[in-house]
Amino acid sequence: MTTGIASSCKESGLDRSLSQAGNNRKELEAVLRHYRNAPLKLQAARFLIENMDAHYGFGGEAVEEYYHAMDSIFRHGKGDRTYWNRQYDSILAQVGTGLDSCMSVPLFDIEHIKADFLIAHIDSAFAVWNRNWNRQYSFDMFLRYVLPYRIGHEGLSLWRGEYPLPQEEEEDYERNTFNTNFVYGVAHATFLGMQPWIYYANRELPDFPLGQLKHIKAAICREYAHLNVASFRAQGIPATVDFTPQWGNRTMGHEWCVFFINNETAIPFEMGQPVGCHFMKRKEDRLPKVFRETFEIQTNSLFMQDKGKESLPRIFNTPYLIDVTNQYIETSDVEVDLYPMETNQISGYAYLAVFDNQTWKIVHWAKISRGKALFTDMGRDIVYLPVYYMEDKIIPAGDAFLLNAQGEKEILKPDSAKTNTIKVKRKYRNIKANNFLRDIAGGKFQVANRKDFSDSVTLYIIPRLNDNCFQAVRPQEKGKFKYFRYLPPNGSRGNMAELYTFDEKGDTLHPIHFMGNSLSLPEHDMKTLADGNVLTYYEAENAENIWYGWEYSHPINLSRIIFLPRNDDNFIREGETYELFYWNHNGWFSLGKQKGNFESELAFSNAPLHALFWLHNHDKGTEERIFTYENERQIWR
């Protein structure tokens, strides 16, 4: 990013921006002249121009083709997530290389924005600001979180008119005593019930123009956050985007909308969910840091502190960030002792990183002072690694540590003089897998010789299982039976991934006819129970009093049942190659490789105490999570 922000501290913000505009200066001066007799609008114009330096979008033929193609299918296409994934993949295959080229050249607003656009945008912002339901907000809130013409790096458009408030909502205001209640009502009326489909792109994409977002059917979470923010701002309600660059105990980061009910209180919001409930559904996901995106230049940002001296991590290579972590969670300041830098390393900053599947991702920064760094407002119950950032690479800068739930630092330094044998059952945290296990506890396997199961015999009742993996059952009931079925507990839709039965010789029994009392959902029929794919599963349309099973060609004495509940395929898989690592000083050290077994448990000897571990599957998969080993259990971090 090339701007003149950091090096122009002596001149005013307006003078700096005008000097940065180059040939576009006349457009910005035309806006200031236009509002010379309108003090508030002139103040708004100055605010936008003074803070415009580092805002940019992307242009070019490929970007426009991408916008046009996606808008066309959003307006006319219909389908589920699979359909939208195919549409994205098809369009990106057509414009992909050109898109890369266009996105390598940002178009800075200061050099390209036109007077007519800025004037029209300012006027449209004031039109919604003058509505009486916004009277609880200050003019500063209007400038910061209603006025801005852009939210991210989207193509510019006059978008406010695309998000009108329904007439019934305006009429409802007349019956609404409190403005805050009305703001909540707008949030509910506008978004509740919408179903966002998430598309995970394997590459960077340009943000959609805000006026185009009203038609989106599938996108990354950032686009939905932009849609929400634009909709609020179009009604004069202050809103912006908050984000975590990386979850503290799982893969990826996240972005979401926040809107303000007064000058101080921001409410996290996600479409399709009741207002304020967004993080209630994410209790298990830990936040290391949360930042708020602004249009206004933030003098405390790393970008402004650095003043162009160093290469910065991408997430901090912007002047438009505020740290709001302590508005979400309990935090602690953490002082870290740093490894000495090598002679060819020169840096004034250290960073904290968290683990994302197989790599460390930077989430915060601090100035280095006498070999130490003080990191402020860090999320708790998360493992961090101090790092340096050099030439787009991260270099370990200190010992990994756990900032525990009480805010205390626990150094994770392996003691190679004291070793242990550790047993591993999974490569990724098991919250989702355990939820699936709860759905089958109490389920029954039954056999019968009558088709209506009036003479049924229960062979096995599934207990509360601790591990989601293949389970083997040897029935004690003897006798030959022609029919077999599974009765899920009420409330479950019969979620079973694999289900096999065997005769006395150990041969797999093959049904001649499938049976059941409920239709299955599309792509989740009984054929998935024996397709060898552990990620496919049976799921019925109904959740109460269902059963499903099959008929054999003749009565059979069942010797064994093998079943696998719906799962995430992160348990130890038979025949696949796993390698266990522990973190020591500056990298991962191997404790050896092993092949998975049916029991879904591997034992590794000579593992150092007090270490941080990572189990890697060499054959497939991306979800992998670091852990510590305590009381003979993997503790996911």
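First, a word on what this report is: a plain description of the structure on this page. From a predicted model like this one, the values you see are computed outputs, not experimental measurements.

A short note on the packing of helix α2 (residues 25-34) against helix α7 (residues 115-129)
And step 1. Taken N-terminus to C-terminus, the directions of α2 and α7 make an angle of 40 degrees; their axes are 8 Å apart at the nearest point. In terms of orientation, α2 and α7 fall into the oblique class. Relative to α7, the crossing made by α2 is right-handed. Mapping the contact onto sequence places E27, L28, A30, V31 and H34 in α2 and A115, L118, I119 and I122 in α7.
And step 2. Classifying every residue of the contact of α2 with α7 by side-chain character gives seven nonpolar, one polar and one charged.

A short note on the sheet that holds strand β21 (residues 471-473)
And step 1. An order of β21-β26-β23 is seen for the three strands of this open sheet, with the pairing classed as antiparallel. Strands with a single pairing partner mark the edges of an open sheet, and in this sheet they are β21 and β23 (496-502). Put simply, the sheet's adjacent strands are angled 15 degrees from each other on average, direction ignored.
And step 2. Bridge analysis of β23 against strand β26 (residues 560-565) gives six bridges, and the strand direction is antiparallel. Bridged to L499 within β26 is F563.

Side note on the sheet that holds strand β5 (residues 239-244)
And step 1. With antiparallel pairing, the five strands of this open sheet are ordered in space as β7-β6-β5-β8-β9. Since the sheet does not close on itself, it has two edges, and those belong to β7 (266-269) and β9 (321-323), each with one partner. Taken pair by pair, the neighbouring strands of this sheet meet at an average axis angle of 35 degrees, ignoring direction.
And step 2. Packing of helix α11 (residues 221-233) onto the sheet brings it into contact with β5, β6 (254-260), β7 and β8 (291-293), and relative to β6 it is tilted by some 10 degrees.

Description of the side chain of D285
And step 1. Its location among the elements puts D285 in the loop between β7 and β8.
And step 2. Its relative accessible area of 8% is what places D285 among the buried residues.
And step 3. Side chain to side chain, D285 and R429 meet in a polar contact 2.7 Å long.
And step 4. Filtering out sequence-adjacent residues up to four positions away, D285 remains in contact with W247, N249, R250 and R429.

Looking at the environment of V473
And step 1. Within the secondary structure layout, V473 lies in strand β21.
And step 2. Exposure remark for V473: the relative accessible area of 6% places this residue in the buried category.
And step 3. Each C-alpha atom of the pair V473 and G22 lies 77 Å from the other, and the pair is 451 residues apart in sequence.
And step 4. Residues in contact with V473, not counting those within four places in the same chain, are Y460, S559, R560, I561 and F563.

Remarks on the pattern of salt bridges
And step 1. Enumeration according to the criterion identifies 31 salt bridges in this entry.
And step 2. Of the charged contacts in the structure, one is a salt bridge between E601 and K425, with a shortest N-O distance of 3.9 Å. In this pair, E601 is assigned in the loop between β28 (587-595) and β29 (602-609) and K425 in the loop between β18 (415-424) and α13 (431-438), connecting sequence segments 176 residues apart.
And step 3. One salt bridge connects D569 with K620, and the closest N-O pair in it is separated by 3.1 Å. With D569 in the loop between β26 and β27 (577-584) and K620 in the loop between β30 (613-617) and β31 (626-630), this pair connects stretches of sequence that are 51 residues apart.
And step 4. Overall, the relative accessible area of 11% leaves D569 in the buried class.

Focus on helix α5 (residues 81-103)
Quick reminder: α-helices carry 3.6 residues per turn. Residues three or four places apart thus point the same way.
And step 1. With 23 residues, α5 extends only 27 Å from end C-alpha to end C-alpha; this falls clearly short of the ideal 33 Å at 1.5 Å per step.
And step 2. The largest bend in α5 amounts to roughly 60 degrees and is located at V95.
And step 3. Where α5 is buried, its residues touch α4 (61-76), β3 (197-198) and β4 (218-219).
And step 4. The residue sitting at the N-terminus of α5 and contributing the capping side-chain oxygen is D80; that oxygen lies 3.2 Å from the backbone nitrogen of T82.

Examining the pairing of β5
And step 1. The buried count for β5 comes to six of six residues, which makes it a mostly enclosed element.
And step 2. Alternating positions in β5 separate into two faces, A239, V241 and F243 on one and T240, D242 and T244 on the other, with burial throughout.
And step 3. Pairing between β5 and β6: six bridges, direction antiparallel. Within β6, the position partnered with T244 by the bridge is H254.
And step 4. Here β5 runs beside β8; their pairing, made up of two bridges, is antiparallel. Looking at β8, one finds that F243 is bridged to F291.

Considerations on α2
And step 1. Turning to α2, its buried residues number three or more, namely E27, L28, V31 and L32. One side of α2 carries all its buried residues, which in axial view fall inside an arc of 140 degrees.
And step 2. Its buried side turned inward, α2 meets α1 (13-20), α3 (39-50), α6 (109-112) and α7.

Let's talk about the pairing of strand β12 (residues 359-369)
And step 1. Summarising the sheet, strand β11 (residues 349-356) and β12 pair through eight bridges and their orientation is antiparallel. Residue F355 lies in a different strand from β12, and its bridge partner there is W360.
And step 2. The hairpin formed by β11 and β12 contains two residues between the paired strands, and N357 there has a positive phi angle of roughly 65 degrees.
And step 3. Sheet analysis places β12 next to strand β13 (residues 372-379), joined by two bridges and oriented antiparallel. Its bridge partner being in β13, S369 is matched across the sheet by K372.
And step 4. Between the end of β12 and the start of β13, which pair antiparallel, lie two residues, with R370 showing a positive phi angle near 55 degrees.

Conventions we followed
Residues numbered from 1 in each chain as written. Predicted model: local features only at pLDDT ≥ 70, side-chain atom pairs only at ≥ 80, totals over all residues. Heavy atoms only, no water. Axes fitted to C-alpha atoms, helices over the stretch in contact; angles between N-to-C directions. Helix = DSSP H or I, 4+ residues; strand = E, 2+ residues; numbered from the N terminus. Parallel < 35°, antiparallel > 145°, perpendicular 65-115°, else oblique. Left-handed = near helix turned anticlockwise from the far one by under 90°. Contact = heavy atoms within 4.5 Å. Nonpolar A, V, L, I, M, F, W, Y, C, P; charged D, E, K, R; others polar. Pairing = 2+ DSSP bridges. Buried < 20%, exposed > 50% of the residue type's maximum accessible area, 1.4 Å probe, protein only. Polar contact = N/O pair within 3.5 Å; in protein donor to acceptor, adjacent residues only side chain to side chain. Salt bridge = Lys/Arg side-chain N within 4 Å of Asp/Glu carboxyl O. Expected span 1.5 Å × (residues − 1). Bend = angle between axes of the 7 residues up to and from the residue. Arc of directions from axis to C-beta.

Honestly, that's just the spatial picture; any functional story needs more than this.
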